[in-house]
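What follows is the residue order along each chain.
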Amino acid sequence: MSKAYVFTRNGGPEVEALVDQDPPVPGPGELLVAVRAAGVNPVDWKLRRGYLRPGSAPKPFPVVLGSEAAGVVEAVGPGVEGFEAGDEVFGNPLTGGYAEHTLLPVAVTAHKPAGLPFADAAVLPVAAATAYDGVRQLGLAPGATLLVTGAGGGVGSAAVQLARHAGVHVVGVASAAKKEFVASLGAVHVESGPGLADRVRAAAPGGIDAVFDLAGGDTLREAATLLADPAALISAGDKALVAELGGAPVERARTAAVLDAVADLFVAGALRTHITRTYPLAAAGDALRLVEEGHALGKTVIEVTA
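Caption draft 1: Local environment of the pattern of salt bridges. All chains considered together, the criterion is met by twelve salt bridges. Ionic pairing is found between Lys112 and Glu88, a salt bridge with its closest N-O pair at 3.2 Å. One end of the pair, Lys112, is in the loop between strand S8 (109-111) and helix H2 (118-121); the other, Glu88, is in strand S6 (residues 88-91), and 24 residues separate them in sequence. Residue classification places Lys112 among the buried positions, given a relative accessible area of 11%. When its relative accessible area of 34% is taken as the criterion, Glu88 is described as partly exposed. Across the pair Arg201 and Asp198 runs a salt bridge, and its minimum N-O distance is 3.1 Å. Highlighted residues: Arg201 and Asp198, both in helix H6 (residues 196-203), separated by three residues, approximately one helical turn. Given a relative accessible area of 42%, Arg201 falls into the partly exposed group. By sharing partners, the salt bridges in this structure join Glu16, Arg48, Arg49, Arg289 and Glu292 into a single network.

Caption draft 2: Here's a closer look at the packing of helix H1 (residues 42-49) against helix H10 (residues 284-292). In the contact formed by H1 and H10, the axes pass within 8 Å of each other and the chain directions differ by 100°. As far as their axial angle goes, H10 and H1 are roughly perpendicular. Residue-level contacts link Pro42, Asp44, Trp45, Arg48 and Arg49 of H1 to Leu288, Arg289, Val291 and Glu292 of H10. Classifying every residue of the contact of H1 with H10 gives four nonpolar, no polar and five charged.

The rules behind the values
Residues numbered from 1 in each chain as written. Predicted model: local features only at pLDDT ≥ 70, side-chain atom pairs only at ≥ 80, totals over all residues. Heavy atoms only, no water. Salt bridge = Lys/Arg side-chain N within 4 Å of Asp/Glu carboxyl O. Helix = DSSP H or I, 4+ residues; strand = E, 2+ residues; numbered from the N terminus. Buried < 20%, exposed > 50% of the residue type's maximum accessible area, 1.4 Å probe, protein only. Axes fitted to C-alpha atoms, helices over the stretch in contact; angles between N-to-C directions. Parallel < 35°, antiparallel > 145°, perpendicular 65-115°, else oblique. Contact = heavy atoms within 4.5 Å. Nonpolar A, V, L, I, M, F, W, Y, C, P; charged D, E, K, R; others polar.

Structural measurements only, silent on function.
Written out as structure tokens, the structure reads:
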């Protein structure tokens, strides 16, 4: 049997449980992976509450939590090429990452470089990959100025680093408590809250060339007023509102090539994951609660004993 942290129906934390179940069996194009680490993300508790990704169908209960994981291949499914038992990999699991075993689809799985620890690899497929896709989508030239809202979170902190690596000036919006963290990433910190636009104008008198939004709501509305061209506005925080404002949602590639790219950036020192808390699988609920309540700074990881 294999342990997994699941939700048994849609709802709040009361529907979560640590259970024993048979390890999944890899089908065509799939890898059975012994999980070593799993990232914790807001989308995890949103799925538990009943959110469905566009184009996806509800999964039968119980559903294993977790949208990103890293581990060691134990078996490969029919037709799989380029992977074999013993390979160290990371990606977006089909059957949840908060578990001792999961299935990874080869289309969104990459080999883990030796210089990339399991814990760091486990937090790249969602946050870092989203940031990579968004920064690439904007295509800003060196010297341009980018406003990142939610700059203290997992996606935001990665977006700041990737933009700075590309030679872009960054203004990062986050709470006062995250000022030092945002500044350490190379961004000019601006405190979130009402009056945001005026504070951004003071911090960037030359203007803002693009906005990468991760907050949505009123923050997104106010940030949009700083742009002359709404086409330079993208959001991973509020897809409906960004379209209403004339911008676009972040276009996710969801490919192994993107995972390879962010792994290479980590190994090269251009991207740090900023893991601030780790929990064992038995305390997965505590890890998820930290993220769900909005208290997490940087990334939170569940580590699974080999």
